[in-house]
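Single-letter residue listing:
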There are 2 protein chains.
Amino acid sequence: MEKIKERLDRLRERMKENKVTVYVIPSSDCHESEYVCAHYRVREYLSGFTGSAGTLAVTMEEAGLWTDGRYFLQAEQQLQGTGIRLFRSGEPGVPKLQDYVKQKLSEGGKLGFDGRVMGAFRAEKLIEAAGEKGAETLVTEDLAGRIWADRPGIPDTRLYVLDLCYAGEDTKSRLARVRAEMEKAGADVHVLASLCDIAWLLNIRGGDIPCVPVVLSFLCMTKTACTWYVRERIVTEEIRQYLKECGIQIRDYEAVYEDLPGLTEGQKVLLDKKTVNYRLLTGISAGAEVIDGQNPTELMKAVKSETEIQNLKTAHLKEGIAFTRLMYWLKNQSGTETVTERSVVAYLDACRQEQEHCLGQSFATISAYGANGAVVHYSPTEESDAKIEPEGFLLVDAGGHYLEGTTDTTRTFVMGELSLEQKRMFTAVCRGNLNLAYARFLYGCTGYSLDILCREPLWQAGVDYKHGTGHGVGYLLNVHEGPNAFRWKLQGQERPAVLEAGMVTTDEPGIYMEGKYGIRTENELLCVKGENNAYGQFMEFEILTLVPIDLDGILPQEMTETERERLNDYHEKVYRTLAPHLTEEEREWLRVSTRRI
Amino acid sequence: MEKIKERLDRLRERMKENKVTVYVIPSSDCHESEYVCAHYRVREYLSGFTGSAGTLAVTMEEAGLWTDGRYFLQAEQQLQGTGIRLFRSGEPGVPKLQDYVKQKLSEGGKLGFDGRVMGAFRAEKLIEAAGEKGAETLVTEDLAGRIWADRPGIPDTRLYVLDLCYAGEDTKSRLARVRAEMEKAGADVHVLASLCDIAWLLNIRGGDIPCVPVVLSFLCMTKTACTWYVRERIVTEEIRQYLKECGIQIRDYEAVYEDLPGLTEGQKVLLDKKTVNYRLLTGISAGAEVIDGQNPTELMKAVKSETEIQNLKTAHLKEGIAFTRLMYWLKNQSGTETVTERSVVAYLDACRQEQEHCLGQSFATISAYGANGAVVHYSPTEESDAKIEPEGFLLVDAGGHYLEGTTDTTRTFVMGELSLEQKRMFTAVCRGNLNLAYARFLYGCTGYSLDILCREPLWQAGVDYKHGTGHGVGYLLNVHEGPNAFRWKLQGQERPAVLEAGMVTTDEPGIYMEGKYGIRTENELLCVKGENNAYGQFMEFEILTLVPIDLDGILPQEMTETERERLNDYHEKVYRTLAPHLTEEEREWLRVSTRRI
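It should be emphasised that the depicted structure is a prediction, and the values quoted were computed from it without experimental measurement.

1. Things to note about the overall build of chain A
Stage number 1. Within chain A, the secondary structure is distributed over 19 helices and 28 strands.
Stage number 2. Computed over C-alpha atoms, the radius of gyration of chain A comes to 25 Å, within 12% of the 25 Å expected from 2.2 N^0.38 for 597 residues, which places it in the range of a compact globule.
Stage number 3. Here chain A holds 597 residues, and 59% of them are scored as buried.
Stage number 4. Of the contacts formed within chain A by residues at least 6 apart in sequence, a portion of 69% connects residues at least 24 apart.
Stage number 5. By element, 48% of the accessible surface of chain A is carried by carbon and sulfur atoms, the whole surface being about 22900 Å².
Stage number 6. Within chain A, the 90 negative side-chain charges are centred at a point lying 2 Å from the centre of the 70 positive side-chain charges.

Laid out in structure tokens, this is it:
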């Protein structure tokens, strides 16, 4: 870890030159993307921590990394020997980043960060902290990037238009819907920086970010015009023609920073400070008025259209076949072949590639055997790659992109002998998962009202998982998407989103015993309308995921009759839907694996 | 209902004289009290609607009453023939009061209300609505009160100091805690108008409001001084002496309106706009700065001290004996005596009065037979008083004040034959009630996270109750108290309160079939700490209420084994605790009534 120390020292030299006393490095690109391409992995370069969420703060004396519960174990391991202190966000007594920054700054000090890779909302908090301490700020220099000698570039990507049979709605119609929302908000201009929102709006996909088929770009629209800021060299003639038909003009990616200062006096600009970067926000001409609000596209793309829903069912059938074939292969090992975490990834990839319209992984597959399963976001590397033995649990969390949509599934497979405790925990996770999936609720409920249905069996057993119960899933976009989610902790002033028919949310409780094992069972739930009666509109879920839950881990006597009935009902559907697509042997095995309990 | 029309006409004459085009009459006194004494029931006088929550708006042409789900049925009945339109707050398509007011006002119009009986928070919304329409306002006249010829006065009340063995903490200590919170908020002055908060802080009780033993008064404190604004004539020498020892001076009730304009330039005044009236707020000198925030006493009084908790257990034992004796009497009727809703109220009152330190009802008893049970806040009158027949349900919701605290219990008694549907619903209500009571959750959860545990059995059956699942309970104060509550709908920008150990909240699911029957089962839950392990601090509830749940309405086969075990566990505790205090016959009956199922 001398490498990391040496990099930090080089950063400190730059800080010294610029009189910066605290420098903050977030994990994002210029679009507050969750996943970023190699070019933007500055925080990883400087800390060694590879998780998708984490912010590094460096002073002349020390360095600290803030990350959330999903990554505590991983960060602890990866930061070992680097001298970087781990701050566990959300744990009692752990200071927030802005409080730490405030504490480290003093009169005459200077706070620095690269304003292009820091979201405006977060940046304003830090700037405020600096202001309170009478400290200066420097937000126009990428000090960390400057010391990165062999920094990767941004490779060209192939753009393509998503056909109407997949998208379900054309761009003209979507632009019109956004303009109607601009009208409601009283906005003349709308600036969009969120890559998934842009891709959804334009029905264009690319490949600028691993596992997220989007294009690094900005979009700026008025009531009549729309400009897409994108690397002009990757725009083919076909795409150019398509955009022209949609009434969209093209400008170079960087030109957005030149155009925003030109907005005229009194213009009202709708943008979301949570996704627009700080340089973009501060670049808007002083005469214009910013309306900070949710991007209208956020809710629109979360509510899947009838076409998308039908397509998603196809995508889940394909993914279900691939995942179930992996399970069949794992459960029918003769013991002669060596199976490792990485060969599991390869096998699943191969099964998925057999499916039509498959466009690869929607995120790096987690294949975690035994104790590795307790590291929530573990991905096997060449060094860590564990051999699967005939005992304990193998946790596989994986997803695919298809033209018919994106999937996200987790199954924990029983590879042999389990302890009673392990079976109890596996059963509790299954109960939580199904209790949420079979919920019935009045329209108006949010994922915050429902979360406890999933956690209660675990909480009754005195255990918990330190991550949300579920997230929205994009359609051939980021596998993690808002605003819908299942969580129990309200963050700050956040207003949870009402669950709307057409939203797809994962349902993924888990139990993680550090150094021992990890269990997680994840299905995707489509929110649908149920009965409408004198009490209101009842809502329900339809489970989209089609993979057996391993009965070898289930203790039927720990489930209520209702809970057993739910598992039987789900398994009956899995068998009925998958069977026609399997071989004779696979089918017979699936019949037994989805038997009534 | 000609009486009501005639009163509204007289109000309109006054409105005309004052050029008022829309006049709004809320249901509260000068303290945003939920219950008010007869003097302040102007809205009731003008509309005939007797519910505790409801706002009347009158224009020259029409009148409308806004109330919430608890009162829809009652308001519909009571408004019949008055010409007043019912606005069902929270129902889809029903305009909010301020939107209605805005719609009715026009340039040159004038909005009127009595600023002393309108909370500042609500008043500001109405004033804003008027401002948007360019309308004038008149907030210094009680136009509605002026037409009330035989308006009742405010009778004198006897004040008393709550002994330390009941209160558990003296006033000096409480004042010090409030001053520490003022310090944190950066406040120089704190203005308190909420009567329960004042009574809690001073450890003084009175009887200015039916069922709520408080004193009409205001309180204003600085870091060193404290003034109580109260009708001086009711302050005895003993109370005067007690206050002097606490360092509190007395000024007349009305003097607060004279003193606040005298606050000096730059003083920071902490107050809660939700409980301070509009005249009080606007009376504060322009040079002072208002900090709008929760009263520090709100959370303090919600978290019961060890002494209060021990006392509350005594209060619930007493109430449990009284309530269980009522049940014994009801279930052992020979059929020769005529029992009516009102004789049930009288019998319960008599049983309660036998208990030491009883100070009467904590709210008007609901005794509702058959179809009357579907009117959520029904109280029997001489005219409505129904005879109890040997069939269907009798719903009794009642509570007592004791020196040892306040109680709130609902039981629905099976008086004879029930339909299968009725039993199913009764069982679902019992399941919801116990699922919430036996919840286990991590510290940090709010009542919004837990609410669904109670509703889910009902929602699965396609029914709902249009009221919250539970409210906080005061200690010899208002039976309804914040900030803790079990609810599923977030109101506006409200931040739900974390459930703290020591909070007492009711758990009262119900099912109401209009014109047929009503069921509600209500226990009070004390929040307590459970296991503290690697996952955090687990929290649980202890059920304070000690009255059997009528097994004649239970279908054991509709409950899971866990649910049956919970009911058995609860009944075992009820029997064990009450038995020593009952007669031989009562005890034998209770043994059977709390048998294992």
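Now that the structure has been shown, we can carry on.
2. A short note on the packing of aromatic side chains
Residues and elements named next belong to chain A.
Stage number 1. One pass over the full model with this rule turns up 32 aromatic pairs over all chains.
Stage number 2. Judged by centre distance (6.4 Å) and plane angle (45°), the ring pair of phenylalanine 323 and phenylalanine 413 falls under tilted. With phenylalanine 323 in helix 14 (residues 306–331) and phenylalanine 413 in strand 20 (residues 409–414), this pair connects stretches of sequence that are 90 residues apart. Phenylalanine 413 shares its class with phenylalanine 323; the two are buried.

3. A few points about the interface of chain B and chain A
Interface size is commonly expressed as the accessible area that is lost once the parts come together.
Stage number 1. On the chain A side, the residues contacting the 38 residues of chain B number 38 residues.
Stage number 2. Interface of chain B and chain A: buried area, both sides summed, is about 2900 Å²; carbon and sulfur atoms make up 56% of it.
Stage number 3. When the buried surface of chain B facing chain A is broken down by residue, Arg440(B), Arg495(B) and Tyr535(B) rank first, second and third, together holding 23% of it.
Stage number 4. The interface formed by chain B and chain A contains zero salt bridges.
Stage number 5. Across the chain B-chain A interface, the total number found is 10 residue pairs in polar contact (both at pLDDT 80 or more).
Stage number 6. Those elements that place two or more of their residues in the side of chain B that touches chain A are strand 21 (441–442), helix 17 (447–460), strand 25 (510–513) and strand 27 (523–533) of chain B.
Stage number 7. If one sorts the elements of the side of chain B that touches chain A by residue count, helix 17 of chain B sits on top with eight residues.
Stage number 8. When grouped by side-chain class, the residues that make up the side of chain B that touches chain A number 21 nonpolar, nine polar and eight charged.

4. Description of the environment of Asp68(B)
Residues and elements named next belong to chain B.
Stage number 1. For aspartate 68, the location among the structural elements is in the loop between strand 3 (63–67) and helix 3 (72–79).
Stage number 2. Considering only alpha carbons, one finds aspartate 68 and lysine 466, 398 residues apart in sequence, at a separation of 8.6 Å.
Stage number 3. Look past the residues within four positions of aspartate 68 in its chain and what remains in contact with it is Ala53 and Ser89.
Stage number 4. A distance of 2.9 Å separates a polar atom in the side chain of aspartate 68 from a polar atom in the side chain of arginine 70.

5. Quick look at the sheet that holds strand 18 (residues 400–402) of chain B
All names here are of chain B.
Stage number 1. With respect to topology, three strands assemble into an open sheet ordered 15-18-19, the strand pairing being antiparallel. Each edge of the sheet is formed by a strand with only one pairing partner; in this case those strands are strand 15 (358–361) and strand 19 (405–406).
Stage number 2. Along the sheet, helix 15 (residues 341–353) makes contact with strand 15 and strand 18, crossing strand 15 at roughly 165°.

6. Quick word on the pattern of salt bridges
Stage number 1. Within the structure shown, the criterion is met by 91 salt bridges over all chains.
Stage number 2. Put simply, Arg587(B) and Glu584(B) hold a salt bridge, and the shortest N to O gap is 3.2 Å. Taken together, the positions of Arg587(B) and Glu584(B), both in helix 19 (residues 584–593) and three residues apart, correspond to about one turn of that helix.
Stage number 3. A single network of salt bridges, built from pairs that share partners, joins Glu169(A), Arg174(A), Arg177(A) and Glu308(A).

7. Overview of unusual backbone geometry
It is generally the case that most residues other than glycine have a negative phi and that most peptide bonds are trans.
Stage number 1. Here the residue pair Gly482(A) and Pro483(A) is connected by a cis peptide bond, since its omega of 0° sits within 30 degrees of zero.
Stage number 2. With respect to the element layout, Pro483(A) can be found in strand 23 (residues 481–486).
Stage number 3. Even without being glycine, Cys211(A) reaches a positive phi, approximately 70°.
Stage number 4. Not every positive phi belongs to a glycine, and Leu476(B) is a case in point at roughly 50°.
Stage number 5. Inspection of the secondary structure assignment puts Leu476(B) in the loop between strand 22 (470–472) and strand 23 (481–486).

8. Topic: the relation of the copies chain B and chain A
Stage number 1. Expressed as a screw transformation, the operator carrying chain B onto chain A has a rotation angle of 180° and an axial translation of 0.0 Å, and the superposed copies differ by an RMSD of 0.0 Å. Here the two chains are linked by the operation of a two-fold rotation axis. Among all residues of chain B, the one whose C-alpha sits closest to the rotation axis is Ser449(B), at a distance of 2.5 Å.
Stage number 2. A symmetric contact is evident, with 100% of the interface residues of chain B recurring at the interface of chain A.

9. With respect to helix 14 of chain A
Stage number 1. Look at helix 14 of chain A: 37 Å from first C-alpha to last across 26 residues, which is about the 38 Å you get at 1.5 Å a residue.
Stage number 2. Across the 26 residues that make up helix 14 of chain A, a large majority, 19, are buried.

10. A word on the state of the cysteines
Stage number 1. Per the stated rule, a full pass over the model turns up zero disulfides over all chains.
Stage number 2. Counting only cysteine sulfurs, Cys226(A) is the nearest neighbor of Cys220(A), a cysteine outside any disulfide, at a range of 8.2 Å.
Stage number 3. Its relative accessible area of 14% is what places Cys220(A) among the buried residues.
Stage number 4. Between Cys37(B), a free cysteine, and Cys30(B), which holds the nearest cysteine sulfur, the sulfur-to-sulfur gap is 9.4 Å.

11. Some details on the sheet that holds strand 14 (residues 289–292) of chain A
Strand pairing within a sheet occurs via backbone hydrogen bonds; the two strands may be parallel or antiparallel.
All names here are of chain A.
Stage number 1. Pairing is mixed across the open sheet formed by six strands, whose spatial order is 12-11-10-8-13-14. A single partner strand is all that each edge strand has here, and the edge strands are strand 12 (249–251) and strand 14. Sheet twist, expressed as the mean angle between neighbouring strand axes with direction ignored, is 25°.
Stage number 2. Note: strand 8 (residues 189–192) against strand 10 (residues 217–222), four bridges, orientation antiparallel. Within strand 10, the residue paired with leucine 192 across the bridge is leucine 219.
Stage number 3. Together, strand 8, strand 10, strand 11 (226–230) and strand 14 form the strand contacts of helix 8 (residues 171–185), whose direction differs from that of strand 10 by roughly 65°.

12. Examining the nonpolar core
Stage number 1. Grouped together as the largest cluster of nonpolar side chains are 158 residues, with contacts concentrated most on Phe441(A), Leu450(A), Phe541(A), Phe441(B), Leu450(B) and Phe541(B).
Stage number 2. Discounting residues that sit within four places of it in the chain, Phe441(B) has contacts with Trp459(A), Leu450(B), Leu499(B), Cys527(B), Gln537(B), Phe538(B), Met539(B), Glu540(B) and Phe541(B).

13. Things to note about the pairing of strand 2 (residues 55–59) of chain A
Residue and element names in this part refer to chain A.
Stage number 1. Most of strand 2 is tucked away: five of the five residues are buried.
Stage number 2. Burial along strand 2 is two-sided: Thr55, Ala57 and Thr59 facing one way and Leu56 and Val58 facing the other are all buried.
Stage number 3. Judged from the four bridges that link them, strand 2 and strand 3 (residues 63–67) form a sheet pairing that is antiparallel. Bridge pairing in strand 3 places threonine 55 opposite tryptophan 66.
Stage number 4. Hairpin connection between strand 2 and strand 3: a loop of three residues separates the two successive antiparallel strands.

14. Digging into the confidence of the model for chain A
Stage number 1. For chain A, per-residue confidence averages 95 on the pLDDT scale, and residues scoring 70 or more make up 100% of the total.
Stage number 2. Predicted complex metrics record ipTM = 0.91 and pTM = 0.92.

15. Details of the side chain of Asp29(B)
Residue and element names in this part refer to chain B.
Stage number 1. Considering the arrangement of structural elements, one finds aspartate 29 in the loop between strand 1 (22–25) and helix 2 (42–47).
Stage number 2. Comment: no salt bridge for buried aspartate 29; closest opposite-charge side chain is arginine 122, at 8.5 Å.
Stage number 3. At 2.8 Å, the side chain of aspartate 29 and the backbone nitrogen of histidine 31 are in polar contact.
Stage number 4. A distance of 3.4 Å separates a polar side-chain atom of aspartate 29 from the backbone nitrogen of glutamate 32.

16. Some remarks on the environment of Gly81(B)
Stage number 1. Counting through the fold element by element, Gly81(B) comes out in the loop between helix 3 and strand 4 (85–88).
Stage number 2. Along the backbone, Gly81(B) and Val375(B) are 294 residues apart, and their C-alpha atoms lie at a distance of 19 Å.

17. Topic: the side chain of His31(B)
All names here are of chain B.
Stage number 1. Within the element layout of this structure, histidine 31 appears in the loop between strand 1 and helix 2.
Stage number 2. Among the polar contacts listed, one links the side chain of histidine 31 to the backbone oxygen of alanine 193, at a separation of 2.9 Å.
Stage number 3. Apart from the residues within four sequence positions on either side, histidine 31 is in contact with Ala193, Ser194, Leu195, Leu216, Ser217, Phe218, Tyr253 and Thr275.

18. Quick notes on the pairing of strand 25 of chain B
Residue and element names in this part refer to chain B.
Stage number 1. Across the two faces of strand 25 the burial is the same, with Gly510 and Tyr512 and Ile511 and Met513 all buried.
Stage number 2. Examined bridge by bridge, strand 25 and strand 26 (residues 517–520) share four bridges and lie antiparallel to one another. From the neighbouring strand, glycine 510 faces strand 26, where its bridge partner is arginine 520.
Stage number 3. Counting the residues in the hairpin turn of strand 25 and strand 26 gives three residues, including glycine 515, whose phi is positive at 75°.

19. Quick look at the packing of helix 16 (residues 420–437) of chain A against helix 17 (residues 447–460) of chain A
Residues and elements named next belong to chain A.
Stage number 1. The N-to-C vectors of helix 16 and helix 17 enclose an angle of 160°; their axes lie 7 Å apart at closest approach. Our classification of the angle between helix 16 and helix 17 gives roughly antiparallel. As for how helix 16 packs across helix 17, the hand of that crossing is right-handed. On helix 17, the residues touching Ala428, Val429, Arg431, Gly432, Asn433, Asn435 and Leu436 of helix 16 are Leu450, Leu453, Cys454, Pro457 and Leu458.
Stage number 2. Class assignment for the residues of the contact of helix 16 with helix 17 results in eight nonpolar, three polar and one charged.

Each value, and the rule that gives it
- Residues numbered from 1 in each chain as written.
- Chains lettered and ligands numbered in written order.
- Predicted model: local features only at pLDDT ≥ 70, side-chain atom pairs only at ≥ 80, totals over all residues.
- Heavy atoms only, no water.
- Helix = DSSP H or I, 4+ residues; strand = E, 2+ residues; numbered from the N terminus.
- Rg over C-alpha atoms; globule rule 2.2 N^0.38 Å.
- Buried < 20%, exposed > 50% of the residue type's maximum accessible area, 1.4 Å probe, protein only.
- Contact = heavy atoms within 4.5 Å.
- Areas by Shrake-Rupley, 256 points an atom, 1.4 Å probe, with all protein chains shown as cover.
- Lys, Arg positive; Asp, Glu negative; His and termini not counted.
- Charge placed at Lys NZ, Arg CZ, Asp CG, Glu CD.
- Phe/Tyr/Trp six-rings, centres within 6.5 Å; stacked < 30°, edge-to-face > 60°.
- Buried area = accessible area lost by both parts, 1.4 Å probe.
- Salt bridge = Lys/Arg side-chain N within 4 Å of Asp/Glu carboxyl O.
- Polar contact = N/O pair within 3.5 Å; in protein donor to acceptor, adjacent residues only side chain to side chain.
- Nonpolar A, V, L, I, M, F, W, Y, C, P; charged D, E, K, R; others polar.
- Pairing = 2+ DSSP bridges.
- Axes fitted to C-alpha atoms, helices over the stretch in contact; angles between N-to-C directions.
- Least-squares fit on C-alpha atoms with pLDDT ≥ 70 in both.
- Expected span 1.5 Å × (residues − 1).
- Disulfide = S-S within 2.5 Å.
- Core = buried A, V, L, I, M, F, W, Y, C linked by side-chain atoms within 4.5 Å.
- pLDDT = per-residue confidence, 0-100.
- Parallel < 35°, antiparallel > 145°, perpendicular 65-115°, else oblique.
- Left-handed = near helix turned anticlockwise from the far one by under 90°.

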